Amino acid sequence: MSTTSLNARFEEITRGIAGILPVERTPLDSPYEISNETYAALRTVLHDVGGQPALPEPYKEKGEEAWEMNTYVTCECLAWGGAWNAEIRRRAENDLGATLYYGLPYYARWITVAAKTLIDKGLITPDELSSKIDEVRARMKEQS
Amino acid sequence: MTQRRFSVGDRVTVRDATSLFHTRTQRYARGRTGVVTEYRPEWVIPEDEAWGRDEDGRHEPFYVVRFRQTDLWPDYTGFDVDTLETECSERWLEPEMVGTK
Amino acid sequence: MTYTEHEHIEGPTEVSEFEVLERAVRELAIEHGLFSAEDHRRFTEWAEARTPAKGSQLVAKAWLDPAFKQQLLSNGTEASKAVGVDWLDPTGKGTPSDYTYFYVLENTPKVHNVIVCTLCSCYPRPVLGMSPDWYRTPNYRRRLVRRPREVLAEFGLHLPSDVEVRVHDSNQKSRFMVMPMRPEGTEGWSEEQLASIVTRDTMIGVALPNPEWTATNPPNAKTGARR
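Model, not experiment: these values are computed from the prediction. (Residues numbered from 1 in each chain as written. Chains lettered and ligands numbered in written order. Predicted model: local features only at pLDDT ≥ 70, side-chain atom pairs only at ≥ 80, totals over all residues.)

A.B. asks: Can you help me understand the overall build of chain C in this one?
C.D. replies: Along chain C, the regular secondary structure elements total ten helices and four strands. Secondary structure elements in chain C, listed N-terminal to C-terminal, are α-α-α-α-α-β-β-α-α-α-β-β-α-α. In chain C, the share of contacts with a sequence separation of at least 24, taken over all contacts with a separation of at least 6, comes to 67%. (Helix = DSSP H or I, 4+ residues; strand = E, 2+ residues; numbered from the N terminus. Contact = placed C-beta atoms within 7 Å.)

A.B. asks: Would you mind going over the overall build of chain A with me for this structure?
C.D. replies: Helix and strand counts for chain A come out as seven helices and zero strands. Sequence-ordered secondary structure for chain A, helices as α and strands as β, is α-α-α-α-α-α-α. Against the globule reference of 15 Å for 144 residues, chain A gives a C-alpha radius of gyration of 19 Å, more extended than a compact globule. The dimensions of chain A, computed from C-alpha atoms along their principal axes, are 60 × 40 × 30 Å. Out of the 144 residues in chain A, the part that is buried amounts to 34%. Partitioning the contacts of chain A with sequence separation of at least 6, the portion at a separation of at least 24 is 58%. (Rg over C-alpha atoms; globule rule 2.2 N^0.38 Å. Buried ≥ 20, exposed ≤ 12 C-beta atoms within 10 Å, placed from the backbone.)

A.B. asks: Even after reading the chapter, I still don't get the environment of A:Y39, so can you show me in this structure?
C.D. replies: On the secondary structure map, A:Y39 appears in helix 2 (residues 36-42). Here the alpha-carbon distance between A:Y39 and A:G16, two residues 23 residues apart in the chain, equals 9.1 Å.

A.B. asks: I would appreciate a short explanation of the interface of chain C and chain A in the present structure.
C.D. replies: Interface size is often expressed as the accessible area that is lost when the parts come together. Taken together, the contact pairs 50 residues of chain C with 49 residues of chain A. Listed by contribution, the elements that provide at least two residues to the side of chain C that touches chain A are helix 1 (17-31), helix 2 (37-48) and helix 7 (138-146) of chain C. In terms of residue class, the side of chain C that touches chain A is built from 24 nonpolar, twelve polar and 14 charged. (Nonpolar A, V, L, I, M, F, W, Y, C, P; charged D, E, K, R; others polar.)

A.B. asks: What's the story with the nonpolar core in this structure? I'm lost.
C.D. replies: Proteins that are soluble and globular tend to have nonpolar side chains buried together. In terms of nonpolar packing, the biggest core is built from 62 residues, with C:V59, C:V114 and C:V178 touching the most fellow members. Discounting chain neighbours no more than four positions away, the residues touching C:V178 are C:L105, C:N107, C:N113, C:V114, C:I115, C:M203, C:I204 and C:G205. The next biggest cluster of nonpolar side chains, apart from the first, holds 33 residues, and it includes A:W80, A:A83, C:L21 and C:A24. (Core = buried A, V, L, I, M, F, W, Y, C linked by C-beta atoms within 7 Å.)

A.B. asks: Explanation requested: the interface of chain C and chain B in the structure shown.
C.D. replies: Counting residues at the interface gives 21 residues for chain C, matched by 18 residues for chain B. Only helix 7, helix 8 (148-154) and strand 3 (164-169) of chain C provide two or more residues apiece to the side of chain C that touches chain B. For the side of chain C that touches chain B, the leading source of residues is strand 3 of chain C, giving six residues. When grouped by side-chain class, the residues that make up the side of chain C that touches chain B number six nonpolar, six polar and nine charged. Examined bridge by bridge, strand 4 (residues 83-89) of chain B and strand 3 of chain C share three bridges and lie parallel to one another. Note on strand 3 of chain C: the bridge partner recorded for B:T83 is C:R166. (Pairing = 2+ DSSP bridges.)

A.B. asks: Mind showing me how you'd approach the environment of B:T33 here?
C.D. replies: All names here are of chain B. You can see T33 is positioned in strand 2 (residues 33-44). Note on T33: 22 C-beta atoms within 10 Å, which makes it buried. Along the backbone, T33 and T77 are 44 residues apart, and their C-alpha atoms lie at a distance of 19 Å.

A.B. asks: For this particular structure, what's the right way to read the pairing of strand 1 (residues 11-14) of chain B?
C.D. replies: In the case of a regular strand, side chains alternate between the two sheet surfaces. Residue and element names in this part refer to chain B. Here strand 1 pairs with strand 2 via three bridges, running antiparallel. Looking at the pairing, V12 lines up with G34 of strand 2. Of the strand pairs in this sheet, strand 1 and strand 5 (residues 93-95) are connected by three bridges, and their pairing is antiparallel. Note that in strand 5 the partner of V12 across the bridge is P95.

And the structure:
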């Protein structure tokens, strides 16, 4: 393919992706049909953002909060113990879909896919996770 | 140890394949031509690792490919000397495709 | 850059649902034997001890010792041991997210290196610690590959047109660190003095070392005056 047509196609897909980003949202509500162009934008692998249009924004230093450091370590320990690996985590983040991928803070994405992967693999059950979440929340409220 | 298909200095074009769900070959590199600058070890390919086949996944040689920025972007705003390097597994590379730059 | 240190300390607040979820996942994982509380403690201890200081030491050593510089450039993973970094830590096989393939990128008068991971946030934690928050943002990932000189300018770094800006998009198992050039005005400095000016940002490639500027003693933040 010629450089010109590669450039044209890159621009086209880039415009398509811009259309589904939160800042400039094309209405999508299970449409009866969509064009191949819209489908190409929708099925773009989410983490592949290099070159997408974006305006400058302040580059902030926030630093890890305790739950964020714990999330990092929990995810690494799950891989250390063989429950998953880092690439499964990265793939699972894409599998969240655009709303969650862009909607969640960085480490919230990690812990969300950790929970989902453990269920997907049958290592924990959804009801077990629900009960544990409610139990932990109650305990933390009592302690705070 | 498999025989490497490419050598340092070879001009290679990144395959322009359709990806669904997950990939580590960036869209901006698809169909673009660069030069192999370094070898990397034989690693498990991300297409297997991402679905849990790590130890028993397919391993193959990886390469560092250097692109001229002006060959990657439709409207590159820097200077002609600028470059970008990234890594590709062998299955993603072809000998330089005629007709591409 | 903005350090928002007071953002989350405002009296009694709601219990964070992310914290709840993390604790729930961790407790279930431990109950099911997926890892132990001891593993978690050990990994935390390792992670909290990671800072850019090890990277700074590697660069300072290389500036002073040409033989070590060659070793660092040809086998970064092995050379890291000289400053006490074993890439196999803390699991014996490396960390799950960082792997064990470390490459140091040498800046020269004609080449300036800068790192990014457009696909996630790959970063050499064993030598630089946790990545800065901005490094993980889609904004940095989107823009650095396509408009590197504009992004560098936002960090205050302007490079002449005959210097090749070489962006490294860390997309597989390699992890990269930039070795900046030793600046003038540091003649006769000790390894420790040199390391103090090799800040995190200079090893990411968004800044250059400055003899008057250390990470622990930057130019006066309030007045903007240099010491």
